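Chains, contacts and geometry: an overview
Listed below are the residues making up each chain.
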Amino acid sequence: MGRLIVVSNRVATPTETKGSAGGLAVGVFGALKDAGGVWFGWSGDVVSETVANAGPMLEQDGAVTFATVGLTRKDYDQYYRGFSNATLWPVFHYRNDLARYEREEYAGYRRVNAWLAHKLVKLLEPDDIIWIHDYHLIPFAEALRSEGVTNRIGFFLHIPFPAPQILLNIPPHEELVKSLSCYDLLGFQTATDQQAFHDYVTRHARGTVSADGSVEAFGRKLRTGVYRIGVFPDEIAEQAKRYESRQHVLELKQSLEGRKLIMSVDRLDYSKGLVERFRAFELLLERSPEWRGNVTLVQIAPPTRSDVATYQKIRQDLEYEAGRINGRYSGLDYTPIRYLNQQYDRWKLMSLFRESQIGFVTPLHDGMNLVAKEYVAAQNPDDPGVLVLSIFAGAAAELSGAVLVNPHDAIGMCEALQRALQMPLDARQRRHEINMAALRENDLGVWRDSFLRDLRSVPVRRSGEGGGHQ
Ligand code: ADQ
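The rules we used
- Residues numbered from 1 in each chain as written.
- Predicted model: local features only at pLDDT ≥ 70, side-chain atom pairs only at ≥ 80, totals over all residues.
- Heavy atoms only, no water.
- Domains from an automatic or database assignment.
- Contact = heavy atoms within 4.5 Å.
- Buried area = accessible area lost by both parts, 1.4 Å probe.
- Salt bridge = Lys/Arg side-chain N within 4 Å of Asp/Glu carboxyl O.
- 1 Å grid on protein atoms, 1.4 Å probe; cavity = no way out; pocket = protein on both sides within 12 Å on 5 of 7 lines; lining within 4 Å.
- Points joined across faces, edges and corners; volume = space filled by probe spheres on them.
- Helix = DSSP H or I, 4+ residues; strand = E, 2+ residues; numbered from the N terminus.
- Nonpolar A, V, L, I, M, F, W, Y, C, P; charged D, E, K, R; others polar.
- Buried < 20%, exposed > 50% of the residue type's maximum accessible area, 1.4 Å probe, protein only.
- Near = heavy atom within 4 Å.
- Polar contact = N/O pair within 3.5 Å; in protein donor to acceptor, adjacent residues only side chain to side chain.
- Areas by Shrake-Rupley, 256 points an atom, 1.4 Å probe, with all protein chains shown as cover.
- Phe/Tyr/Trp six-rings, centres within 6.5 Å; stacked < 30°, edge-to-face > 60°.
- Lys NZ or Arg CZ within 6 Å of the ring centre and 35° of its normal.
- Pairing = 2+ DSSP bridges.
- Axes fitted to C-alpha atoms, helices over the stretch in contact; angles between N-to-C directions.
- Parallel < 35°, antiparallel > 145°, perpendicular 65-115°, else oblique.
- Left-handed = near helix turned anticlockwise from the far one by under 90°.

**What about the domain arrangement of the protein?**
Partitioning the protein into structural domains gives domain 1 (4–230 + 446–456) and domain 2 (233–440). Domain 1 and domain 2 are separated by 31 Å when their C-alpha centres are compared. The interface of domain 1 with domain 2 comprises 24 residues on the first partner and 20 residues on the second. Contact between domain 1 and domain 2 buries roughly 1800 Å² in total, counting both sides, with carbon and sulfur atoms accounting for 59%. At the boundary of domain 1 and domain 2, one finds one salt bridge.

Below, the structure written as structure tokens:
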């Protein structure tokens, strides 16, 4: 079995893979440890051109090499802040209204992909399989192919793939899909995302799609599949339990003075539906006076991409809404919304989830949403909280024990909160068992292993073959 090469925009540090990072880093690192290999990507640093060109920096941890490069200011602005996060992210989350398109940024995006691919080529061996992650790196395989790389290359998209009518808003949409067709295997979070890609291929690229998900387009053949990313539920459950009597949990409990707790945790992003969530909670207090003073919403949302204008705007909007709602319903000893702009250690979050009666996860569009899965896994099976989940999270297709909501329906969300707050123990337990069974059946290991198994089964291309496998 050849080595595994993982390429992602950001690379976790060796220390992060041992606990503090999210499940994904731990899962990917597990596969790297088993097969041996390289994790390659951006270090997160903005550096001078000389330092960038001197990379990659190599750090060895057992059989795994962490290989990272810095980006120059121009590359960061065009590739990361520009085309990736001000064009692709909003459009792929159905927010054309927040997207901009600049030719120079797109050129920078392709240039950085080509530059990164060129850096990686030197680290490759003939039997390696290469797994590229996410929207920052769509042209990566094309760039590797143009350097003569014939290894198997797979791509997993962590975010939604938009319906063709939405994708058409990005002027170089055809080039992007053509770049995707250079992979041997494309993995999507949900069947809806896969279908959207197939729709583009058949309607706009004169391609064909077979019943098994194989695609022929732009003179290339590739496979597509649905791989639902998961968590390791029993590890999370154990972690949440182990830390349930730590000081931060006791302090929270004490400060609640017996009030019910609704927990929400997200990156501060407009796709996560935070403003709509605050308004639904406000409606609960407005329509059901008995809950005033008796339920608290804790929203943890650390800022991300804060140098992108649309992220500054969502932050302002949310601060305004939290202030307005708290002004309206606070008492001398009661604040309805506790809004925290902080990053928390993973184990702290899991133990806070366990203390709460509701996990309120309401994105407007999301790939999978791992917070929803973590919330379920962290619950105490003897007294579990209820997950109130948006139908637009990929996780909604699996977690049939959740109370599903449409985040655009404020009254519907408010009613769902009421229902969850009053749900009897036996109903909560039944729902929790259903959700836990789904998490165990499709955990992070299943996601990783099934993607890699499918990628390994793709026929090897002969040298000189340009695009997807023949
Ligand atoms: P994200 O948009 O980042 O991921 P999500 O799936 O919820 O969203 O993952 C967030 C991770 O960060 C979780 O593990 C969570 O615990 C952690 N996290 C969030 N807020 C935190 C905080 N305040 N402190 C510490 N940790 C925090 C993208 C896609 C998703 C897809 C994932 C994985 O947008 O749809 O599920 O990739 O494929």
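**Focus: empty space enclosed by the protein**
For the coordinates displayed, the defined rule picks out three cavities of 30 Å³ or more. Quantified by volume, the largest cavity comes out at close to 60 Å³. Of all the elements in the fold, those that place two or more residues in the lining of the largest cavity are helix 14 (370–378), strand 15 (386–390) and helix 16 (425–441). Of all the elements, helix 16 adds the most residues to the lining of the largest cavity, at four residues. The residue makeup of the lining of the largest cavity, split by class, is four nonpolar, four polar and two charged. Its boundaries defined by the atoms lining it, the second largest cavity holds a volume of some 50 Å³.

**Here's the deal with the pattern of salt bridges**
Side-chain pairs of opposite charge can arise where the charged atoms are in close proximity. Scanning the entire structure with this criterion turns up 34 salt bridges. D77 is the salt-bridge partner of R73, the closest N and O atoms lying 3.8 Å from each other. On the criterion of helical spacing, the pair formed by R73 and D77 is a turn pair, its members being four residues apart in helix 3 (residues 73–92). Put simply, D269 and R267 hold a salt bridge, and the shortest N to O gap is 3.4 Å. Taking the relative accessible area as the measure of exposure, R267 reaches 28% and is therefore partly exposed. When salt bridges with common partners are traced through the structure, they connect R279, E282, E286, E321, R324 and R328 into a single cluster.

**Things to note about the site of the ligand**
Around the ligand, 22 residues are found, and the nearest of them are H158, R267, D366, L370 and E374. Here H158 contributes a side-chain N or O atom positioned 2.6 Å from an oxygen atom of the ligand. Measuring from a nitrogen atom of the ligand, one finds a backbone N or O atom of Q342 at 3.1 Å. When the ligand sits alone it has 710 Å² of accessible area, and the protein chains cover 87% of it. Those elements that place two or more of their residues in the shell around the ligand are helix 13 (346–355) and helix 14. Counting only domains with at least three residues in the shell around the ligand, you end up with domain 1 (4–230 + 446–456) and domain 2 (233–440).

**Quick word on the packing of aromatic side chains**
Following the criterion strictly, the structure yields 26 aromatic pairs and no others. Both rings, one in F161 and one in F197, keep their centres 5.5 Å apart while their planes meet at 85 degrees; by these two values the pair is edge-to-face. Highlighted residues: F161 in the loop between strand 6 (152–156) and helix 6 (164–167) and F197 in helix 8 (residues 191–204), separated in sequence by 36 residues. Of the two residues examined, F161 and F197, each falls in the buried class. Three or more aromatic residues link up through ring pairs in this structure, and these residues are Y79, F83, Y101, Y106 and Y109. One Lys or Arg, R10, reaches over the ring of W42 and ends 5.7 Å from the middle of that ring.

**Comments concerning the pairing of strand 4 (residues 64–71)**
The element strand 4 is extensively covered by neighbouring structure, given that eight of its eight residues are classed as buried. Here strand 4 shows no split at all, with V64, F66, T68 and G70 on one side and T65, A67, V69 and L71 on the other all buried. Looking at chain direction, strand 2 (residues 37–46) and strand 4 are connected through seven bridges and run parallel. The residue bridging V46 from the neighbouring strand is L71, located in strand 4. Bridge analysis of strand 3 (residues 57–61) against strand 4 gives five bridges, and the strand direction is antiparallel. Counted as the bridge partner of D61 is V64 from strand 4. Where strand 3 hands over to strand 4, the hairpin turn is made up of two residues, of which G62 adopts a positive phi near 60 degrees.

**Some thoughts on unusual backbone geometry**
Backbone torsion omega between G55 and P56 reads 5 degrees, so that peptide bond is classified as cis. Position of P56 relative to the elements: it lies in the loop between helix 2 (49–54) and strand 3. Residue E257 is not a glycine yet carries a positive backbone phi of 50 degrees. Of note, E257 is situated in the loop between helix 10 (247–256) and strand 11 (260–265). The exposed category is assigned to E257, whose relative accessible area is 58%.

**Here we look at the packing of helix 9 (residues 233–242) against helix 14**
At a minimum axis separation of 8 Å, helix 9 and helix 14 run at an interaxial angle of 60 degrees. With respect to helix 14, the element helix 9 is oriented oblique. Crossing angle aside, the handedness with which helix 9 passes helix 14 is right-handed. Across from P233, I236, A237 and A240 in helix 9, the residues of helix 14 making contact are E374, A377 and A378. Along the lines of polarity and charge, the residues of the contact of helix 9 with helix 14 split into six nonpolar, no polar and one charged.

**Describing the packing of helix 14 against helix 16**
Between helix 14 and helix 16, the least distance of the axes is 10 Å, while the angle of their chain directions is 120 degrees. One finds that helix 14 runs oblique with respect to helix 16. Read as a crossing pair, helix 14 and helix 16 show a hand that is left-handed. Together, K373, V376 and A377 of helix 14 and H432, N435, M436 and L439 of helix 16 make up the contact between the two elements. Class assignment of the residues belonging to the contact of helix 14 with helix 16 gives a composition of four nonpolar, two polar and one charged.

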